[in-house]
Amino acid sequence: MIDPLFWLGLSLLLVATSLTAVLVAAIPALQELARAARSAEKLFDTLSRELPPTLEAIRVTGLEITDLTDDVSEGVKSASQVAKQVDQSLDSARKQAQNLQVSTRSIFVGAKVAWRNFTRPKPSRRNSDRLPSNEQPPLTLREREMPRQENRRIKTEIYRANDGYNDAPSWESNFDDED
């Protein structure tokens, strides 16, 4: 009987020694754990005080960035509209300048032709070629329909009359020249 009691006592002694060793080894770890818990508590207190205003500032900054982005996009749209209007105005001015150039050429060509007609010598009329109206023989139908040779123009005369219009340098430099 002694034998099992001895082993029971020895077992209890070893268990007590083991528990004491574990407890001695766990005390510094538990102290460090308590210190870490206090640090975590301080960190959580700091976060609870500082985090809401920081998050609010971030939210406000995001809203301001959104507003600025909207303003910039409106400015870009406005600038593109202004650029389109300027482009349209330039196109309109270019067309008006071309119309003015054509009108100015037409005026100068007209003035040139008028000056030539005004300054050319007048042809003398010969009355001997014509008969008085009561002495002229009556015309036949064919003669009435046929145009007179003196009223006809040949093709080269038609084109020659319009030559001055396309000659920009000649009408600008001299108005008095003869063809």
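The residue numbering used here restarts from 1 in each chain and proceeds along that chain's sequence as written. Where totals are concerned, whole chains, interfaces and linings use all residues; where local detail is concerned, this predicted model gives features only for residues with pLDDT of at least 70, and gives and counts side-chain atom pairs only at 80 or more. Hydrogens and waters are ignored; side-chain quantities use all the structure's heavy atoms.

Details of helix H1 (residues 2-119)
The periodicity of an α-helix, 3.6 residues per turn, causes residues three or four places apart in sequence to face the same way. Quick reminder of the rule: Secondary structure elements follow DSSP: runs of H or I of four or more residues count as helices, runs of E of two or more count as strands, with numbering from the N terminus. Residue count minus one, scaled by 1.5 Å, sets the expected span of a helix. Bending is quantified residue by residue as the angle between axes fitted to the seven-residue window ending at that residue and the seven-residue window starting at it. Per-residue accessibility, obtained with a 1.4 Å probe over protein chains only, is compared with the maximum for each type, and a residue is labelled buried under 20%, exposed over 50%, and partly exposed between these values.
Spanning 118 residues, H1 covers 163 Å between terminal C-alpha atoms, matching the ideal 176 Å at 1.5 Å per step. If you look at H1, its biggest bend is around 35 degrees, right at Glu50, and the proline Pro52 turns up within four residues after that. Residues of H1 that are buried include every one of Val109, Lys112 and Arg116, and no others.

Quick look at the pattern of salt bridges
Note the cut-off: Salt bridge, as used here: a side-chain nitrogen of Lys or Arg that lies within 4 Å of a carboxyl oxygen of Asp or Glu.
Scanning the entire structure with this criterion turns up three salt bridges. Notably, a salt bridge pairs Arg35 with Glu32, separated by 2.4 Å at the nearest N-O pair. Taken together, the positions of Arg35 and Glu32, both in helix H1 and three residues apart, correspond to about one turn of that helix. Using a relative accessible area of 43% as the deciding quantity, one classes Arg35 as partly exposed. The exposure class of Glu32 is partly exposed, given its relative accessible area of 46%.

Describing a nonpolar patch on the surface
Put simply, the test is: Candidates for patches are residues over 30% relative accessible area with no salt bridge; among them, like charges are joined within 9 Å and nonpolar side chains (Val, Leu, Ile, Met, Phe, Trp, Tyr) within 5 Å. All accessibility values rest on the Shrake-Rupley procedure with a 1.4 Å probe; residue burial counts only the protein chains present in the view.
A surface patch of nonpolar side chains, amounting to about 660 Å² of accessible area, comprises Ile2, Phe6, Trp7, Leu10, Leu13 and Leu14. Position of Leu13 relative to the elements: it lies in helix H1.

Brief notes about a negative patch on the surface
How we decide: The charged-residue count follows a simple rule in which Lys and Arg add positive charge and Asp and Glu add negative charge, with His and chain termini not counted at all. For the purpose of locating charges, the reference atoms are NZ of Lys, CZ of Arg, CG of Asp and CD of Glu.
A cluster of acidic residues, Glu64, Asp67, Asp70, Asp71 and Glu74, forms a negative patch at the surface. Residue classification places Glu64 among the partly exposed residues on the basis of a relative accessible area of 46%.

Considerations on the packing of aromatic side chains
Here a ring pair, both rings aromatic, is described through the centre-centre distance and the interplanar angle of the planes. Applicable threshold: Pairing of aromatic rings covers Phe, Tyr and the six-membered ring of Trp, with a centre-to-centre limit of 6.5 Å; geometry is then stacked below 30 degrees between planes, edge-to-face above 60, and tilted otherwise.
Within this structure, the stated rule accounts for two aromatic pairs. Aromatic pair Phe6 and Trp7: ring centres 5.4 Å apart, planes at 65 degrees, arrangement edge-to-face.

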